[in-house]
Amino acid sequence: MRIVLLGAPGAGKGTQAEVISREKNIPTISTGNIIRDALKSGSELGKKARKYIEAGHLVPDDIVIDIIRERLSRPDCKDGFILDGFPRTIPQAEELERMGVHIDRVIEIDVDDEVIARRMSGRRVCPSCGTSYHIEHKQPKKRDVCDNCGDTLVQREDDRPETVRERLRVYHEQTAPLKNYYADRNKLYVVKGQEDVNDTIRLTLAALKS
Ligand code: AP5
């Protein structure tokens with residue numbers, strides 16, 4: 001199954017992707033995580049992406065498309081995958097089609113902007129393995145320590161309130177039009193993001209079965 005997760009920054013795409021990946025035994029491809037790894041390693045990609053990420057803007061389409069083309073060519077994608085954070089613009093979706101990638105379902109996680117702003121301020125992430133936590137809704141077993149790898153959790157640079165506001169603006173302008181794009185192709189399923197993560201998980205898994 002080839003799945004796209006759509007939704008505003010902080011809507012919970014990564015959280016749902018983790019569950020679907022386990023349930024369906026398919027990999028998650030998060031362009032955000034790939035770019036953050038590149039920032040950390042100081043690679044050429046990281047150098048190019050830094051100024052966009054820090055401003056809360058999208059990285060240019062050609063850079064992200066190259067990342068996806070390479071990632072989807074790997075053997076672990078042959079039985080399906082979850083795209084978390086790609087496509088994010090209409091040209092990215094069109095390019096995916098041109099690559100011959102057939103998407104089965106697009107799940108939009110719909111959450112109000114005010115809720116998003118609250119969630120992002122409580123998010124903590126593991127700088128080593130990328131696992132995401134929340135200070136109220138998804139706490140690690142030991143405070144500020146990653147359950148998976150034991151590294152100390154941090155707040156993402158782009159989770160600062162002013163950057164979050166800019167990311168939401170960019171989302172409404174450049175990414176939200178993808179809802180109609182996929183609705184026109186009969187692929188869009190909307191899941192209303194709930195306050196409790198487990199309720200959202202239940203709705204997402206139901207949407208995948210319908
Ligand atoms: P990316 O990492 O994709 O950021 P994003 O879309 O802004 O999404 P987030 O990772 O911030 O949030 P999420 O929806 O995964 O939420 P999460 O599950 O963590 O991209 C970062 C940057 O990279 C972009 O700004 C851009 O510059 C660049 N980029 C990436 N892809 C690109 C592309 N295709 N084109 C161009 N540029 C690109 O949840 C958030 C928090 O809420 C967590 O703490 C979680 O525990 C909590 N939570 C989740 N669900 C619930 C719930 N139901 N109830 C309560 N709490 C919840």
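All values derive from a computational prediction rather than experimental measurement. (Residues numbered from 1 in each chain as written. Predicted model: local features only at pLDDT ≥ 70, side-chain atom pairs only at ≥ 80, totals over all residues. Heavy atoms only, no water.)

Student: Sorry if this is basic, but what is going on with helix α3 (residues 44-55) here?
Tutor: Taken as a whole, α3 has its buried residues at Gly46, Ala49 and Ile53. Buried residues in α3, looked at end-on, bunch into an arc of 80°, giving them a common side. Of the exposed residues in α3, the ones pointing more than 90 degrees away from its buried face are Glu44, Lys47 and Lys51. Positive backbone phi, approximately 80°, marks Gly56, located one or two places after α3. (Buried < 20%, exposed > 50% of the residue type's maximum accessible area, 1.4 Å probe, protein only. Helix = DSSP H or I, 4+ residues; strand = E, 2+ residues; numbered from the N terminus. Arc of directions from axis to C-beta.)

Student: Honestly, the sheet that holds strand β3 (residues 81-84) in this entry has me stumped. Any pointers?
Tutor: Across a sheet, paired strands are connected by hydrogen bonds in the backbone, their directions being either parallel or antiparallel. A sheet is described by the order of its strands in space; here 5 strands give the open sequence β2-β3-β1-β4-β7, paired in parallel fashion. Each of the sheet's edge strands pairs with one partner strand only, and the pair in question is β2 (28-30) and β7 (188-192). Adjacent strand axes in the sheet meet at a mean angle of 20°, parallel and antiparallel pairs treated alike. Sheet topology places β2 next to β3; 3 bridges connect them, and they run parallel. If you follow Ser30 over to β3, its bridge partner there is Asp84. Here helix α9 (residues 197-209) sits on the sheet in contact with β1 (2-7), β4 (105-110) and β7, set at roughly 155° to β4. (Pairing = 2+ DSSP bridges. Axes fitted to C-alpha atoms, helices over the stretch in contact; angles between N-to-C directions. Contact = heavy atoms within 4.5 Å.)

Student: Just checking my understanding: could you explain unusual backbone geometry for this structure?
Tutor: Negative phi values dominate among residues other than glycine, just as trans dominates among peptide bonds. Of the consecutive residues Phe86 and Pro87, the connecting peptide bond is found in the cis state with omega at -5°. With respect to the helices and strands, the residue Pro87 is situated in the loop between β3 and α5 (90-98). Unlike most non-glycine residues, Asp144 shows phi in positive territory, near 65°. Checked against the element boundaries, Asp144 lands in the loop between β6 (132-134) and α7 (161-175).

Student: Quick question: what am I supposed to make of the site of the ligand here?
Tutor: Taken together, 34 residues lie near the ligand, and Thr15, His57, Arg88, Arg123 and Arg167 sit nearest. In the environment of the ligand, an oxygen atom lies 2.9 Å from a nitrogen or oxygen atom belonging to the backbone of Gly10. One nitrogen or oxygen atom from the side chain of Arg156 is found 3.0 Å from an oxygen atom belonging to the ligand. For the ligand, whose free accessible area comes to 1000 Å², the fraction covered by protein is 98%. (Near = heavy atom within 4 Å. Polar contact = N/O pair within 3.5 Å; in protein donor to acceptor, adjacent residues only side chain to side chain. Areas by Shrake-Rupley, 256 points an atom, 1.4 Å probe, with all protein chains shown as cover.)

Student: I would appreciate a short explanation of the nonpolar core in the present structure.
Tutor: Most often, soluble globular proteins have nonpolar side chains that are buried together. Formed by 26 residues in total, the largest nonpolar core has its most connected members in Leu72, Phe81, Leu83, Leu96 and Ile103. Contributing elements (two or more residues each) for this core: β1, α2 (31-41), α3, α4 (61-72), β3, α5 and α8 (177-183). In terms of residues, this core owes the most to one element, α4, which gives 6 residues. (Core = buried A, V, L, I, M, F, W, Y, C linked by side-chain atoms within 4.5 Å.)

Student: Before we go on, may I ask you to explain the pattern of salt bridges in this structure?
Tutor: Pairs may arise between side chains of opposite charge once their charged atoms sit close together. Counted under the stated rule, the structure contains 23 salt bridges. The salt bridge partner of Glu70 is Arg74, with a shortest N-O separation of 3.0 Å. For Glu70, a relative accessible area of 40% puts it in the partly exposed group. Salt bridges linked by common partners bring Arg123, Arg156, Asp158, Asp159 and Arg167 together as one network. (Salt bridge = Lys/Arg side-chain N within 4 Å of Asp/Glu carboxyl O.)

Take it as geometry only, folks, not as evidence of what the structure does.
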